[in-house]
Amino acid sequence: MKSQWVRTLRTGVEVSSYFGIFNINIGKTKSGSKFLKLLVGDRTGTLEGRVWDSALTEDLYQTLSLGDIVIIRGSVTEFNGLQVNIDTCTKVEKDQVELNDFRPCTDKDTAVMLKEFQRQLAEVTTPPLRSLLENIFNPDFLNDFSRATAAKTIHHAYGGGLLEHTLEVMSYCEKIYELQGEAINRDLLITGATLHDIGKIWEYDQECLSFNRTEKGRLLGGHVILGYDFLREKIAQVDGFPESLALHLEHLILSHHGQKEWGAVEEPHSVEAVALHYADLMSARLNQVSKLVESYQGSENWTNYDRRLGRSLYVPEDLKKEKSS
Ligand SMILES: [Fe+2]
Ligand SMILES: [Fe+2]
């Protein structure tokens, strides 16, 4: 559906393609006539867009909103970087496009990740946990889950990021069980890993291009609380779900951030809760660090200071060469 990616556009190219709207402003030419200044883009980048026709400018300024998806027809020129001169700009319904084509998106193959996710889920055989997971992951929910972000910034902050992160946490938990399994309830740990960030589906606006936090997410305690509420509701739908198992699973969700200053309601108080916390931290930190190194474009061997990590990261010479080749 999306045929011309921003990264492939060059001066002189005639454009006829879908774009997301990232910014909208009105400008004035030297002669005083109004024109529309847009920032349009897709998951590969953004470029400036200009509407010079004053009637179309007025019309679009009234009707376009940030995050809209449009079909633009026009031509690419060069003016302080690439710019598209827009002849027509038509809004389309978001359900007609794949939103992850228009915002940062996982590099991984979602179909492959989903297959692996379902393989790992199928290995949970404890009956109440199995019923719970089957009740939650119906095809519609799985579709929403697989397109969702895990954050607005920091780690796995892109479409498909929630599935990617969850799968990593499940896989780390599986490894922990393999190495130190005797004391661990494997099915409980894997179920906790699967559901630990489920509340992120509602913490972030999964339909917008910049994954803003929702009012629900901001007012009701973020994904830890939203996930806990969802889990309790789903547990109540499973006949005879053992109370002690429910309590332990709920504890995994409430404690997975490890420390109260990091958003945990409780510190982890069981072997499975400690294991889940470290698996979660491992996935989040490695993603944060590797994305910082990957996106570095400077000539030094060090990235800029990252406030959240509290450090710069070393970029080895051979990695820089690889990136520039
Ligand atoms: Fe979390
Ligand atoms: Fe997480």
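No experiment lies behind these values; they were computed from the predicted model shown.

Student: Could you clarify how one ought to interpret the domain arrangement of the protein in this entry?
Tutor: For an interface, size is often stated in terms of accessible area lost upon the parts coming together. For the protein, the assigned domains are domain 1 (6-96) and domain 2 (103-289). Taking only C-alpha atoms, the centre of domain 1 and the centre of domain 2 are 38 Å apart. Every contact between the two is made by 9 residues of domain 1 and, on the other side, 5 residues of domain 2. Interface of domain 1 and domain 2: buried area, both sides summed, is about 440 Å²; carbon and sulfur atoms make up 71% of it.

Student: Could you clarify how one ought to interpret the pairing of strand β2 (residues 34-42) in this entry?
Tutor: A regular strand places its side chains so that they alternate between the two faces of the sheet. Pairing of strand β1 (residues 14-28) with β2, which is carried by 8 bridges, proceeds in the antiparallel orientation. Paired with Asn23 across the strands is Leu39, a residue of β2. Where β1 folds back on β2, the antiparallel hairpin that results is connected by 5 residues, among which Gly32 adopts a positive phi of roughly 95°. Note: β2 against strand β3 (residues 45-51), 7 bridges, orientation antiparallel. Its bridge partner being in β3, Asp42 is matched across the sheet by Gly45.

Student: Which parts of the structure should I look at to understand the coordination of the iron ion (ligand 1)?
Tutor: Ideal values for angles at a metal depend on the geometry: 109.5 degrees with four tetrahedral donors, 90 or 180 degrees with six octahedral donors. For the iron ion (ligand 1), the full set of protein donor atoms is Asp197 (OD), His223 (NE2), His256 (NE2) and His257 (NE2), at a range of 2.1 to 2.3 Å. Classification of the site at the iron ion (ligand 1) rests on its 4 donor atoms, whose angles at the metal span 85 to 167°, yielding the label irregular. Here the donor residues for the iron ion (ligand 1) map to a single chain with the spacing D-x25-H-x32-H-H. The metal-metal distance between the iron ion (ligand 1) and the iron ion (ligand 2) is 3.8 Å, with Asp197 coordinating both. Here His257 lies in the loop between α10 (243-255) and α11 (271-295) and His223 lies in helix α9 (residues 222-236), a separation of 34 residues in the sequence.

Student: When you look at the packing of α10 against α11 in this model, what are you seeing that I'm missing?
Tutor: Direction vectors running N to C along α10 and α11 enclose 35°, while the axes themselves pass 9 Å from each other. In the crossing of α10 with α11, the sense of the turn from one axis to the other is right-handed. Note on element contacts: α11 touches α10 through Glu272, Ala273 and Leu276, opposite His248, His251, Leu252 and Ser255. For the contact of α10 with α11, the per-class residue count stands at 3 nonpolar, 3 polar and 1 charged.

Student: Is there a simple way to explain the coordination of the iron ion (ligand 2) in this structure?
Tutor: Distances from the iron ion (ligand 2) to its protein donors, His165 (NE2), His196 (NE2), Asp197 (OD) and Asp280 (OD), fall within 2.1 to 2.2 Å. Considering all 4 donor atoms around the iron ion (ligand 2), angles at the metal cover 84 to 177° and the coordination shape is irregular. The sequence motif formed by the donor residues of the iron ion (ligand 2) is H-x30-H-D-x82-D. On the accessibility criterion, His196 (0% relative accessible area) is buried.

Student: Honestly, the packing of aromatic side chains in this entry has me stumped. Any pointers?
Tutor: Applying the stated criterion across every chain yields a total of 9 aromatic pairs. Judged by centre distance (4.7 Å) and plane angle (35°), the rings of Phe35 and Trp52 are tilted. With Phe35 in strand β2 and Trp52 in the loop between β3 and α1 (54-63), the pair connects residues that are 17 residues apart, well separated along the chain. With relative accessibility at 10%, the residue Phe35 sits in the buried group. Under the relative-accessibility criterion, Trp52 is labelled partly exposed at 46%. Summarising the aromatic geometry, the rings of Phe137 and Phe141 are spaced 5.7 Å apart at their centres and angled 75° between planes, so their arrangement reads as edge-to-face. Classification of Phe137 as buried rests on a relative accessible area of 10%. Of the aromatic side chains, those joined through ring pairs into one cluster are Phe117, Phe137, Phe141, Phe145, Trp202 and Phe230.

What counts and what doesn't
- Residues numbered from 1 in each chain as written.
- Chains lettered and ligands numbered in written order.
- Predicted model: local features only at pLDDT ≥ 70, side-chain atom pairs only at ≥ 80, totals over all residues.
- Heavy atoms only, no water.
- Domains from an automatic or database assignment.
- Contact = heavy atoms within 4.5 Å.
- Buried area = accessible area lost by both parts, 1.4 Å probe.
- Pairing = 2+ DSSP bridges.
- Helix = DSSP H or I, 4+ residues; strand = E, 2+ residues; numbered from the N terminus.
- Donors = N, O, S within 2.8 Å, 3.2 Å for Na, K, Ca; no water.
- Tetrahedral: all angles 85-135°; square planar, octahedral: opposite > 155°, others 65-115°.
- Axes fitted to C-alpha atoms, helices over the stretch in contact; angles between N-to-C directions.
- Left-handed = near helix turned anticlockwise from the far one by under 90°.
- Nonpolar A, V, L, I, M, F, W, Y, C, P; charged D, E, K, R; others polar.
- Buried < 20%, exposed > 50% of the residue type's maximum accessible area, 1.4 Å probe, protein only.
- Phe/Tyr/Trp six-rings, centres within 6.5 Å; stacked < 30°, edge-to-face > 60°.

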